[in-house]
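Single-letter residue listing:
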Amino acid sequence: MESGEWNMKLLLPEWVREEMFEAYLADWGDAEISPAAADPKGRDYKTWLADTVRMRTVVPAHLVPATLLFLVDDAETKILGGIDIRHRLNDYLMAFGGHIGYGIVPSERGKGYAKAQLRLALPVAKSLGVSRALITCDDGNTPSARTIEALGGVLEDKRAENGRLVRRYWVDIPQETLETERLILRQWTMDDVDDAFIYARSPKVGPSVGWKPHESRAESEEAVKHWIENTGIWAIEEKASGHVIGSIGLQRDRWHSNPQARMIGYALREESWGKGYMTEVVRRMMQFGFESLCLDLISVGHFEFNDRSRRVIEKCGFRYEGTLRRASSIFDGSVHDALVYSMLREEYFAAKRAE
């Protein structure tokens, strides 16, 4: 389920207007703001915002990197809540704090927004490398416990901290299954090895993206194991046949160090070329990246000889950034130029509004 089904969405703090943030703070009144990352604690807005953005990559030794998000209505007129995703756990977080802290403003409680916010945040956590999230709540906080349990939380134990009991739940975060008109993008399974070998052994598929054709089923089996273990690689299943015909990845961007940037890469069975499948898949992945994962930028590239990929990229509206000359050495030792394209969040939404 994605954000549009609740007419709500998650936004990074820098995408929220200052007056919305001030109204959010006022809603809390004298109550303790949750999550704590959303509390300026005496800092002016600009200082708090700079500190919050910095927390994604540069943190004091006693803290961990974290990404704060706000739940807003679809029209982006009001902040309904906040959720803080810690990229990893230290000793305290493992014992009591967990990966995720969240809260709904007092005026909007009792409407199911906490569950919506947590559900929307889980794919973001997955993209940040959290495949199994620890989420905690006070033992007496029954609504929060129900929210966590509704999303698959399994209670591990209860631990005492400063005179209170803390419930510790673990939530497995599966890879999102995405659909287009003709295709399903899903988690790889070991049942897909034969289909993977069929397309990966082609002398035209692998070399077009830099890897050598597979020479045996065993080689494809190792590749599928790798794809299962690594977050952000989807199998492309053709609905009409039920067979996997390719793969697409949305992973850390090797060209852009922005933590909210991801890079798309893909491969498609030769027999499925010329049907518009890859344009369909890339557009769906762009939607997922910008609308569900709160990405700031998505990039994609191709080698100088891959005109087929260039046409897909141009159809999807990416902007050409430049050519990295003699940038990539591929499996056969040859060196090639890499042509790099990207799209910003605001460009994606401007194009969507113009449709």
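Definitions and cut-offs
- Residues numbered from 1 in each chain as written.
- Predicted model: local features only at pLDDT ≥ 70, side-chain atom pairs only at ≥ 80, totals over all residues.
- Heavy atoms only, no water.
- Helix = DSSP H or I, 4+ residues; strand = E, 2+ residues; numbered from the N terminus.
- Buried < 20%, exposed > 50% of the residue type's maximum accessible area, 1.4 Å probe, protein only.
- Contact = heavy atoms within 4.5 Å.
- 1 Å grid on protein atoms, 1.4 Å probe; cavity = no way out; pocket = protein on both sides within 12 Å on 5 of 7 lines; lining within 4 Å.
- Points joined across faces, edges and corners; volume = space filled by probe spheres on them.
- Nonpolar A, V, L, I, M, F, W, Y, C, P; charged D, E, K, R; others polar.
- Pairing = 2+ DSSP bridges.

Examining the overall build of the protein
Right, so step 1: The helix and strand tally for the protein stands at 11 helices and 15 strands.
Right, so step 2: Structurally, the protein occupies a C-alpha span of about 65 × 40 × 40 Å along its principal axes.
Right, so step 3: In the protein, which comprises 355 residues, the proportion classed as buried is 52%.
Right, so step 4: Looking at the protein alone, contacts between residues at least 24 apart form 63% of all its contacts between residues at least 6 apart.

Here we look at the layout of surface pockets
Right, so step 1: By volume, the largest pocket is sized at about 1600 Å³.
Right, so step 2: Lining the largest pocket we find 48 residues, and of these S34, P35, A36, G101 and Y102 sit closest to its centre.
Right, so step 3: Here the element with the most residues in the lining of the largest pocket is strand β4 (residues 100-104); it accounts for 5 residues.
Right, so step 4: Of the residues in the lining of the largest pocket, the class split is 22 nonpolar, 13 polar and 13 charged.
Right, so step 5: Size it by volume and the second largest pocket reaches roughly 1100 Å³.
Right, so step 6: As for the second largest pocket, its lining consists of 42 residues, of which V209, G265, Y266, A267 and S309 are closest to the centre.
Right, so step 7: Of all the secondary structure elements, the ones that give two or more residues to the lining of the second largest pocket are α7 (206-209), α8 (217-229), β11 (244-252), β12 (261-268), α9 (277-292), β13 (297-303), α10 (307-315) and β15 (335-344).
Right, so step 8: Broken down by class, the residue content of the lining of the second largest pocket amounts to 21 nonpolar, 14 polar and 7 charged.

Describing the sheet that holds β12
Right, so step 1: Taken in spatial order, the 8 strands make up an open sheet running β8-β9-β10-β11-β12-β13-β15-β14, and their pairing is mixed. Both edges of this open sheet fall to β8 (178-179) and β14 (319-329), since each of them pairs with a single strand only.
Right, so step 2: Pairing between strand β9 (residues 183-186) and strand β10 (residues 233-238): 4 bridges, direction antiparallel. Residue pairing in the sheet places R186 in a bridge with A235 of β10.

Worth remembering: the numbers are spatial, not functional.
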